[in-house]
Amino acid sequence: VFYDLKNKSEKQKEEKSTFEDLSQHEKEIFLALKQWRNDLARDLGWSAFRICHNAHLIAIAKEKPQNLDELKKVKSFGESRTTNYGDDIISLLNAL
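About the thresholds
- Residues numbered from 1 in each chain as written.
- Predicted model: local features only at pLDDT ≥ 70, side-chain atom pairs only at ≥ 80, totals over all residues.
- Heavy atoms only, no water.
- Salt bridge = Lys/Arg side-chain N within 4 Å of Asp/Glu carboxyl O.
- Helix = DSSP H or I, 4+ residues; strand = E, 2+ residues; numbered from the N terminus.
- Buried < 20%, exposed > 50% of the residue type's maximum accessible area, 1.4 Å probe, protein only.

**Student:** What am I meant to see in the pattern of salt bridges here?
**Tutor:** Close approach of charged atoms allows side chains of opposite charge to pair. Counted by the stated rule, this structure contains five salt bridges. In this structure, the salt-bridge partner of Asp69 is Lys72, at a minimum N-O distance of 3.6 Å. Remark: Lys72 and Asp69 occur in helix α4 (residues 68-72); sequence separation between them is three residues, near one turn of the helix. For Lys72, a relative accessible area of 31% translates into the label partly exposed. Taken together, the salt bridges that share partners define one network made up of Asp39, Arg42 and Asp43.

**Student:** How should I be thinking about unusual backbone geometry in this particular structure?
**Tutor:** Glycine aside, a negative phi is what most residues show, and trans is what most peptide bonds show. You will see that Lys64, though not glycine, has its phi angle at about 45°, which is positive. By the element assignment, Lys64 lies in the loop between α3 (54-63) and α4. Taking the relative accessible area as the measure of exposure, Lys64 reaches 28% and is therefore partly exposed. Phi is positive for Ser76, which is not a glycine, with a value near 70°. Secondary-structure assignment places Ser76 in the loop between α4 and α5 (78-95).

Structural data, given as structure tokens:
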């Protein structure tokens with residue numbers, strides 16, 4: 001089996017979004033999500049990345065899920081994070 005590493009690397013670069021790639025509204029969503037995550041991490045005495053990574057927050061800001069089922073489909077967010085934090089995230093998104 002042969003892998004075309006160049007194509008895979010190019011594909012990964014295309015899929016990764018950064019803060020600079022976001023629209024102004026998406027940046028506002030990202031910053032609100034980041035504030036929520038940092039506040040929760042501080043309250044729990046955890047590092048923020050234990051809750052979710054910036055890449056997750058960027059993906060949520062871009063996709064703007066409207067319910068828990070849509071949130072579960074956000075790349076790498078998954079069932080566990082949706083169960084633990086989904087209601088808070090959806091509430092925050094609806095408030096913006």
